[in-house]
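The lines below spell out each chain.
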Amino acid sequence: MDASAQAPRRRWWLFRRQPKIRRHDLASQWQLMWWKFRRHTLAMIGMVLLGLFAAMVIFAEFISPYPPFERNPAYVAGAPQIPSVIDENGNFRWPPFVQGLKAERDKKTLRLNYVPDPSVKWDVGMFVKGEPYRLLGFIPTDIKLFGVTTEGGFMHLFGTDFTGLDLFSRTIHAARASLGVGFVGVVISFILGAAIGGVAGYFGGWVDNIVMRLIEFIRSIPTLPIWLALAAMLPRDWSPLATYIAITVILSLLGWTWLARTVRSKLLATRQEDFVLAARLSGCSDTRIIVRHMLPSFMSYLIVDASIAFPEILLAETSLSFLGLGLREPVESWGVLLFAAQSIRSIDQAPWLMIPGVFVIIAVLAFNFLGDGLRDAADPYTR
Amino acid sequence: MTRFLMRRLAYTLATLLLVSLVSFIIIQAAPGDFAEIYAAKKADAGAVISAAQIAEVRRELGLDQPWYVQYGTWLANAARGDFGQSWTWRRPVGAVIAERLPLTLAIAFATLVFMYVVSIPIGVYSAVRRYSFGDHAASLIGYLGLAIPNFLLALVLMYLSQRYFGQSVGGLFSPQYSLAPWSWEKLQDLLQHLIVPVIVLGTSGTAFLIRAMRAAVLDELDRMYVLSAKASGLSPMQLLLRYPVRIALVPIASTLGWRLTYVISGAPIVGVVLSLPDMGPLFLNSLLNQDMQLAGALIFLYCALTIIGTFLSDVLLVALDPRIRLE
Amino acid sequence: MSMSTDHPHVIDVSNLSISLKNDNNSIAITRDVSFSIGRGEVLALVGESGSGKSVTALALMQLLGGNLSISSGQIVLTAIDGYSADIAKLGRNGRQIEAIRGARMGMIFQEPMSSFSPVHTIGAQIAEVVTVHEDVGRKEARRRSAELLAKVGIPDPVGALDRYPYEFSGGMRQRAMIARALVCGPSLLIADEPTTALDVTIQGQILDLLSKLKDELGMAILFITHDLGIVAQMADRVAIMYAGSIVETGSVREIFRRPSHPYTRALLEAVPRLGDIDERRRINPIAGSMPNLFEPPSGCRFHPRCPVAVHPRCSLERPPTFGSGGRLVECIHGEAELAR
Ligand SMILES: Nc1ncnc2c1ncn2[C@@H]1O[C@H](COP(=O)(O)OP(=O)(O)OP(=O)(O)O)[C@@H](O)[C@H]1O
Ligand code: SF4
Ligand SMILES: [Mg+2]
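These figures come from a predicted structure and were not determined experimentally. (Residues numbered from 1 in each chain as written. Chains lettered and ligands numbered in written order. Predicted model: local features only at pLDDT ≥ 70, side-chain atom pairs only at ≥ 80, totals over all residues. Heavy atoms only, no water.)

Engineer: Would you explain the overall build of chain A in this entry?
Structural biologist: Regarding its fold elements, chain A presents 15 helices and 4 strands. The burial tally for chain A puts 48% of its 383 residues in the buried class. Long-range pairs, those at least 24 residues apart, make up 67% of the contacts in chain A between residues at least 6 apart in sequence. (Helix = DSSP H or I, 4+ residues; strand = E, 2+ residues; numbered from the N terminus. Buried < 20%, exposed > 50% of the residue type's maximum accessible area, 1.4 Å probe, protein only. Contact = heavy atoms within 4.5 Å.)

Engineer: In this structure, what is going on with the overall build of chain B? I would like to understand it.
Structural biologist: A count of helical and extended segments in chain B gives 15 helices and 2 strands. Residues classed as buried in chain B amount to 50% of the 327 residues present.

Engineer: Sorry, what's going on with the packing of aromatic side chains here?
Structural biologist: Aromatic ring pairs are defined here through the distance separating the ring centres and the angle between the ring planes. Taken as a whole and judged by the stated rule, the model has 16 aromatic pairs over all chains. Here Phe 369 of chain A and Tyr 143 of chain B contribute two aromatic rings whose centre-to-centre distance is 4.7 Å and whose plane-to-plane angle is 85 degrees, an arrangement assigned as edge-to-face. One end of the pair, Phe 369 of chain A, is in helix α15 (residues 355-378); the other, Tyr 143 of chain B, is in helix α6 (residues 133-147), on a second chain. An aromatic cluster is present here, built from Phe 53, Phe 158, Phe 168, Trp 334 and Phe 359 of chain A joined pairwise through their rings. Arg 259 of chain B extends its terminal NZ or CZ atom over the ring of Phe 208 of chain B, reaching a point 4.0 Å from the ring centre. Positioned over the ring face of Tyr 83 of chain C is Arg 104 of chain C, at 4.0 Å from the centre of the ring. (Phe/Tyr/Trp six-rings, centres within 6.5 Å; stacked < 30°, edge-to-face > 60°. Lys NZ or Arg CZ within 6 Å of the ring centre and 35° of its normal.)

Engineer: For this particular structure, what's the right way to read the packing of helix α3 (residues 41-58) of chain A against helix α5 (residues 167-203) of chain A?
Structural biologist: How two helices sit against one another is set out by the angle between their axes and by the gap between those axes. Residue and element names in this part refer to chain A. Direction vectors running N to C along α3 and α5 enclose 105 degrees, while the axes themselves pass 8 Å from each other. It follows from the interaxial angle that α3 and α5 lie roughly perpendicular. Facing Phe 53, Met 56, Val 57 and Ile 58 of α3, the residues of α5 in contact are Ile 172, Ala 175, Arg 176 and Leu 179. (Axes fitted to C-alpha atoms, helices over the stretch in contact; angles between N-to-C directions. Parallel < 35°, antiparallel > 145°, perpendicular 65-115°, else oblique.)

Engineer: Any chance you could explain the site of ligand 2 here in plain terms?
Structural biologist: As a structural note, the neighbourhood of ligand 2 is formed by 13 residues, with Cys 300, His 303, Cys 306, Cys 314 and Cys 331 of chain C the closest of them. When the residues that make up the shell around ligand 2 are grouped by side-chain class, the tally is 10 nonpolar, 3 polar and no charged. (Near = heavy atom within 4 Å. Nonpolar A, V, L, I, M, F, W, Y, C, P; charged D, E, K, R; others polar.)

Engineer: Is there a simple way to explain the sheet that holds strand β8 (residues 220-225) of chain C in this structure?
Structural biologist: Two pairing modes exist for strands in a sheet, parallel and antiparallel, and in both the strands are linked by backbone hydrogen bonds. Residue and element names in this part refer to chain C. Across the sheet, which stays open at both edges, the 8 strands sit in the order β6-β7-β8-β3-β9-β10-β12-β11 with mixed pairing between neighbours. At either margin of the open sheet sits one strand with a lone partner, and together these are β6 (105-108) and β11 (321-324). The mean inter-strand angle of the sheet, taken between neighbouring strand axes irrespective of direction, is 15 degrees. Alignment of strand β9 (residues 237-242) against strand β10 (residues 245-251), held across 6 bridges, turns out to be antiparallel. Residue pairing in the sheet places Ala 239 in a bridge with Thr 249 of β10. Sheet strands in contact with helix α1 (residues 53-60) are β3 (42-47), β6, β7 (188-192), β8 and β9, and its direction is about 155 degrees off that of β8. Relative to the sheet, helix α7 (residues 200-217) contacts β3, β6, β7 and β8, its axis offset from that of β8 by approximately 160 degrees. (Pairing = 2+ DSSP bridges.)

Engineer: Even after reading the chapter, I still don't get the interface of chain A and chain B, so can you show me in this structure?
Structural biologist: Interfaces are often sized by the accessible area lost when the parts come together. Listed as interface residues are 52 residues of chain A and, on the opposing side, 58 residues of chain B. Where chain A abuts chain B, roughly 4,600 Å² becomes buried across the two surfaces, and 71% of that area is made up of carbon and sulfur atoms. For the pair chain A and chain B, the interface holds 2 salt bridges. For Glu 216 of chain A, the salt bridge is made with Arg 8 of chain B, and the minimal N-O distance between the two is 3.8 Å. Run the count over chain A and chain B and you get 5 residue pairs in polar contact (both at pLDDT 80 or more). (Buried area = accessible area lost by both parts, 1.4 Å probe. Salt bridge = Lys/Arg side-chain N within 4 Å of Asp/Glu carboxyl O. Polar contact = N/O pair within 3.5 Å; in protein donor to acceptor, adjacent residues only side chain to side chain.)

Engineer: Help me out: how do you make sense of the sheet that holds strand β3 (residues 112-135) of chain A in this one?
Structural biologist: Residues and elements named next belong to chain A. Overall, antiparallel pairing links the 4 strands, which are arranged β1-β2-β3-β4 in an open sheet. One side of each edge strand has no neighbouring strand; the edge strands of this open sheet are β1 (84-86) and β4 (139-148). The mean inter-strand angle of the sheet, taken between neighbouring strand axes irrespective of direction, is 50 degrees. Pairing of strand β2 (residues 92-105) with β3 involves 9 bridges; the strand directions are antiparallel. Among the inter-strand pairings, Phe 97 is bridged to a residue of β3, identified as Asp 123.

Engineer: Help me understand the pattern of salt bridges in this model?
Structural biologist: If charged atoms from side chains of opposite charge come close, those side chains can pair. For the structure on display, the rule yields 29 salt bridges over all chains. The salt bridge involving Arg 91 of chain B is made with Glu 99 of chain B; its shortest N-O contact spans 2.7 Å. Residue class for Glu 99 of chain B comes out partly exposed when judged on its relative accessible area of 47%. Taken together, the shared-partner salt bridges connect Arg 213 and Glu 216 of chain A together with Arg 8 and Asp 314 of chain B into one network.

Engineer: What should I look at first to understand the domain arrangement of chain A in this one?
Structural biologist: Residue and element names in this part refer to chain A. Each assigned domain of chain A is listed with its residue range as follows: domain 1 (75-164) and domain 2 (170-377). For domain 1 and domain 2, the distance between their C-alpha centroids amounts to 39 Å. Taken together, the contact between domain 1 and domain 2 spans 10 residues of the former and 9 residues of the latter. For the pair domain 1 and domain 2, the two sides together bury roughly 770 Å², of which 72% comes from carbon and sulfur. (Domains from an automatic or database assignment.)

Engineer: Would you explain the confidence of the model for chain A in this entry?
Structural biologist: Caution applies to low-pLDDT regions: their predicted coordinates should not be interpreted in detail. Residues of chain A with pLDDT of at least 70 account for 85%, and the chain-wide mean is 76. For chain A, per-element mean pLDDT is lowest for helix α1 (residues 23-26) of chain A, which scores 48, and highest for α3 of chain A, which scores 87. (pLDDT = per-residue confidence, 0-100.)

Engineer: When you look at the side chain of Ser 117 of chain C in this model, what are you seeing that I'm missing?
Structural biologist: Looking at where Ser 117 of chain C falls in the secondary structure, it is placed in the loop between β6 and α3 (122-133). Residue classification places Ser 117 of chain C among the buried residues on the basis of a relative accessible area of 0%. There is a polar contact of 2.6 Å between the side chain of Ser 117 of chain C and the side chain of His 120 of chain C. Look past the residues within four positions of Ser 117 of chain C in its chain and what remains in contact with it is Tyr 225, Tyr 243 and Ile 247 of chain B together with Gln 125 and Pro 165 of chain C.

Engineer: I'm lost on the side chain of Thr 160 of chain A in this one. Help?
Structural biologist: Residue and element names in this part refer to chain A. One can find Thr 160 in the loop between β4 and α5. On the basis of relative accessibility, which here comes to 0%, the residue Thr 160 falls in the buried class. Once residues within four sequence positions are removed from consideration, Thr 160 is found in contact with Tyr 75, Val 76, Ala 77, Gly 78, Leu 165, Asp 166, Leu 167 and Trp 352.

Engineer: Please explain unusual backbone geometry as it appears in this structure.
Structural biologist: Negative phi characterises most residues that are not glycine, and trans characterises most peptide bonds. Residue and element names in this part refer to chain C. At the junction of His 311 and Pro 312, the peptide bond is cis and its omega measures out at 0 degrees in the coordinates. The residue Pro 312 is located in the loop between α10 (262-270) and α11 (313-316) in this model. The backbone of Asp 156 shows a phi angle near 50 degrees, a positive value even though the residue is not glycine. Note that Asp 156 resides in the loop between α4 (138-151) and α5 (157-161).

Engineer: So what exactly am I meant to see when it comes to the confidence of the model for chain B here?
Structural biologist: Per-residue confidence for chain B gives a mean pLDDT of 82, with 89% of residues at or over 70. We note a pTM of 0.81 for the whole complex and an ipTM of 0.86 for its interfaces.

Engineer: Would you mind going over the pairing of β10 of chain C with me for this structure?
Structural biologist: Two faces make up the sheet, and in a regular strand the side chains alternate between them. Residues and elements named next belong to chain C. With 6 of 7 residues buried, β10 is to be regarded as a mostly interior element. The hairpin turn running from β9 into β10, its antiparallel successor, is 2 residues long, and Ala 243 in that turn takes a positive phi close to 45 degrees. Where β10 lies against strand β12 (residues 327-330), 2 bridges are found, and the strand directions are antiparallel. In the sheet register, Glu 248 faces β12, and the bridge partner there is Val 329.

Engineer: Can you help me understand a nonpolar patch on the surface in this one?
Structural biologist: Taken together, the side chains of Ile 58, Phe 59, Leu 136, Phe 138 and Ile 139 of chain A present a nonpolar region at the surface, about 450 Å² in accessible area. On the secondary structure map, Ile 139 of chain A appears in strand β4. (Patch = residues over 30% accessible without salt bridge, like charges linked within 9 Å, V, L, I, M, F, W, Y side chains within 5 Å. Areas by Shrake-Rupley, 256 points an atom, 1.4 Å probe, with all protein chains shown as cover.)

Engineer: Just checking my understanding: could you explain the nonpolar core for this structure?
Structural biologist: General note: in soluble globular proteins, nonpolar side chains tend to be found buried as a group. Within the largest apolar cluster, 162 residues are counted, with the highest numbers of intra-cluster contacts made by Trp 334 of chain A together with Ile 97, Leu 155 and Leu 287 of chain B. At 14 residues, the largest contribution of residues to this core is made by α15 of chain A. By size, the runner-up hydrophobic cluster in this structure holds 63 residues, among which are Val 42, Ala 127, Leu 268 and Ile 332 of chain C. (Core = buried A, V, L, I, M, F, W, Y, C linked by side-chain atoms within 4.5 Å.)

Engineer: Any chance you could explain helix α13 (residues 279-288) of chain B here in plain terms?
Structural biologist: Helical periodicity: at 3.6 residues per turn, an α-helix aligns residues three or four positions apart in one direction. The element α13 of chain B is extensively covered by neighbouring structure, given that 8 of its 10 residues are classed as buried. Burial in α13 of chain B covers these residues: Met 279, Gly 280, Pro 281, Leu 282, Phe 283, Leu 284, Ser 286 and Leu 287 of chain B. Packing partners of the buried residues in α13 of chain B comprise α7 (223-233) of chain A together with α5 (93-128), α12 (256-273) and α14 (292-320) of chain B. Immediately beyond the C-terminal end of α13 of chain B, within one or two residues, lies Gln 290 of chain B, with a positive phi of roughly 55 degrees.

Engineer: How should I be thinking about helix α11 (residues 236-254) of chain B in this particular structure?
Structural biologist: All names here are of chain B. Taking 1.5 Å as the rise per residue, α11 with 19 residues should run 27 Å; its terminal C-alpha atoms sit 26 Å apart, in good agreement. At Val 245, α11 is bent by approximately 35 degrees, the largest bend along its length. Buried within α11 we find Leu 239, Leu 240, Tyr 243, Pro 244, Val 245, Ile 247, Ala 248, Val 250, Ile 252 and Ala 253. (Expected span 1.5 Å × (residues − 1). Bend = angle between axes of the 7 residues up to and from the residue.)

This is the structure:
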C-alpha cells in the first residue's frame, strides 16, 4: 500500500566516503538546521517577506496614510494613484507628486469619471502629519509613514472602493485579521494535533487505530464544503469577534490531521529509542515523558507541518470570507475586502479591488518558501 | 488482491455511512425544522397557522420521532434518491440536483484529466533536466499555482477575457446553445466554456502533482534496476519511460483520490464565481437560504464523490502495482 | 599490454583513467588501468572497498554516471561475432553503445534484490533485452527467456516468466539476473560481486552455475570480488587493485604462490590459513586505511602502509611497472621479486 516501501535504495557508492570531522559534527541539531536553512535562498526570501508582514501588522496605523474607515467622497471607485518624479514635460520634479484630479460626469453613462487636472500637482512626502492614533496601541502620535502634503490633496495608492475607502490602508490593516486567523488557527491545530496524535502514538493499540481511522475519514471528505456548511450554521447575530473566533476554530477543526499524523508516527518511532526507555526506567510519568523527552526530539518536524498548515488556513479563510460566509464587516481581512470584488461588473469597473488578493498570494508564497526551507533543514539526509 | 479490494470496499461503504450521518447532522443542526419554515412561509403568504397545524405537519413528516428513526428514514429515502423537498426551489431535492450533477461530474473529470496530462510530462522533464531553466520555471509556476486561491484565479481570468476578448466566460454554454438539444456544436461550445473552470480548478493540483512527479522520478532514477536496465541496452528514452516513469506513476496514482477531493472541494467556489450551472451556486445558495435539505444532500454528494473516487484510485493502484496484489 | 594467454582477447583495456569532476577540479579515481581477458577466461579483479573496481566495471560499458567520466585510455572489445570497437570512444549514449550493452556485454550486480524493477514480471524484463537487440517477435523472445531461465536452473521456467521479482528468493533472483545478462549470448560478462549479498550455500551454487555457463557459452568473465576464496575457485587470472591502480596481475597460481607486490602479500596474509575453510575468507583489514582519493598520497599510493617502502623514493615518484605479458608488478622491488 505504502508507495515508499519499495526496494531499498542504496546509493552504493556513497558508502565508503572517508569521514572527516567538520564543523557540522560538533554543532547542535538546531544550529545544524539553521546552517542548512540559511543556504536555502527561497526560504530566506520567505523570511524577509514574513518580516515585512509582521511590520505591517504591528505598524499598520503608521504605514497606512488614512484610517481604514475614512471615506473620501471626492474619490469614489477611483483608480490607484502612483506618485511620480517626472512631470508631463519629462522634467525631473522633487518632491514626488501625484496628479491633481477633477471629477467629470460622463454624459452618456452618467458615471463620475476622474480626469487629471494638469494645473494641480499634489506633493507627496515621508513622515507627514495625519489623523492622530496610538502607535503600538499606547504611543499617541499623528506621524504617518507617507502622505500628501499639499492642502486638499489626496493619494490612494491602491485606489478606492465603491464607498470611497482607501484600499491601501484597508489592505494594510486587513493583514491583522488574515494573518491572525492563520496564526490562531495553527495554534489550535497544533494543540489538537499534538494532543490527539500524542495519545494515539503513545498508547498505540486500539486507541491508535480509532484515531487513524478518524484522520483517514476527515482527509477523505472535501474540506471546503464542510467549512462552508459549518460557517453557514453560525448565527447571523453573533458579534464580529465571536464570529471571528468561531471561524478560526472551524478552520482548525479539520486542519489538525497533518500534525496529528506526524506526532503519532514520530512518537511510535521514538517510543522504542533508548532515551525514552531510560526515562521510563527512571520512573518518569507518561505525560512527562511525552512532553519533556519525546516532543522536543521531533519538534522540527512539527514546525515544518505548522508552516504548511498556515497558508492552508489563510487560503480557506480568504475563500470563505470572499463568499460572504466567513468574516464579515466591520472585521477586515483580505477575504472580506475581496468580497467587494465578487461580481464581474465590479471588477470590470474597478479591477484594483483584486489587489488584496496579491497580498494573499505573497503571504502564502512566503510561508511555502519558508516551509520548504524548514523541511530541507529538518531532513537529516540533505546536505 | 481480492482481499485488498474487499477491504477497501468495506471501508468505502463504512465511510459513506459515516458521511451520511454527518450530512444528516448538518441538516438537523440548522435552526428551525422544516415544519417551522413551512409555517413561516405560509404566514408570509397571509395564511393563519395554528400550533396544532404545525404539530400536524411535524407528525406527517416524522419530525416528532427520535433522531435515529429520522436518520433511518432519511437514509432509506436517500438510498432511493429521495432527499426530501427543497423549499427554495419548491421541488424535490433529488430532481434539482439531478439537473446539475452531470455538469459537476464533467468538470471534475475534465479537471482530473487536465491535471494529470499536464503535470506528468512536466514533472518527468523537471526530474530529468534537474536544475535546468525549464525545471526552475516549472517550480516557479508550481509555487504560484499553489499560492493563488482558486476564486482569485477565476476572477482574474474572467476579467482578462472580458477585457481582451470581449467574451464573458461565465456559464457553461453560449446563450444560443443553452436551451438547444445536444449536438456536436453544443458539445464544442461546452468544451470551450470548460477551459477556464478546468484551468482554475486544476492549477493548484497540477502544481502539486508536478512536484510529486518530479520527486518520484528523481527517487527512481537513482535505483539499481535503472542501471541494470541500462546495462541491458535500452535507449535513454525507452529506459526512462519503461522504468522510472512507469514506477513513479504508482505513488502518483495513489494520490488520485486526494486530488479528486481537492477538485471537489474547490468546485463550489469556482462554480459561484464563474456562475456555472453546476452544484456550486446551488450549494452556496442553499446554505445562505438555510435550505438544509438541499444543502445536506449536496454535502453528502460532494463527500460521496470523493470517497468513490478514492476507491477507484485504489483499484487503479492495484492495476499499477503488482506488489499490492500479493496481499 | 601484449598478449599473455593463448586465447584471443575479448576485451583489451589499456591505460584507462577515470576522473571525477567536481567544481572545476578533477580527481583521478583510477589511473592507467590495463588488463585483457580472453575467450573462456575469468579475470578476477580484487581490491579493498573503494579501490575503484565497480567504477572500472561501469566504465567498460560506458555506464559511469554523474560527474564521473573516462579521461583517457582504450577499451577495445572484440566480440565473438567479429565485431570490434573502442568503447572509450563511443560516448555514453547512442546506438553503438546501446547495441553493445546487453548483447555483446552483459553485467550482473551485487544486489539481486533491487536489480529488477518491482512492477514488471521477470519474463518481461528478460524478453525485453531480446526484443531490444534482435528483430524477433514477442513469442520468440519469451521462448528464449524461458530457455535461459531453464539454463540457470530455475524450476518451472515458463511459469516463472509471469512472476514478479518479489516472488523470488535472493538466489533465484540472482539466477534470473544472470539469465537476463546472458540471454543475448554476450562475449563478456561483468559480474560485480554477484554473490556478496547471498548466503554461503547459495553463493556456491551461483559460482558453479557461472563456471558451467562459461564453459558452455565460451564467454569471458570479469569477476569482481573481495573474496580470495572465490578467486581461487573461479578465476584463471587475477588483477589486484589498490587506490585506483592495478598493482599486480598474474595467473591465480602465480599470485597465490609468489605474490610480488607488498600489497598482494598483505592481502594474502590477512586471509585465514588454508584449512579454516569454513571461514568466509573476506579480506581482513590491513594496518592503516585506504587513502582518501581526494588527497591521494604522493609517489606510490601504497607507501604510507607499505612495510618495505624505500624512503624517500617511494613517496616521491610513481614506481615503474615490471614484467611482461600477463605478469606485471608496479613496485620498485618488482624486478627483484619477479626474478625470485
Ligand atoms: N558517482 C560517484 N561520485 C563520486 N565518487 C564516486 C562515485 N562513484 C564512485 N566514487 C568513488 O570512487 C571510488 C571507487 O569506488 P568503487 O565503487 O569503484 O569502489 P569498489 O572498489 O567497487 O568498492 P566496493 O568493494 O565497496 O564495491 C570511491 O572512492 C568512491 O567514493
Ligand atoms: S613502490 Fe615502494 S611503497 Fe610502493 S609498494 Fe613498492 S615498496 Fe611499497
Ligand atoms: Mg563495488
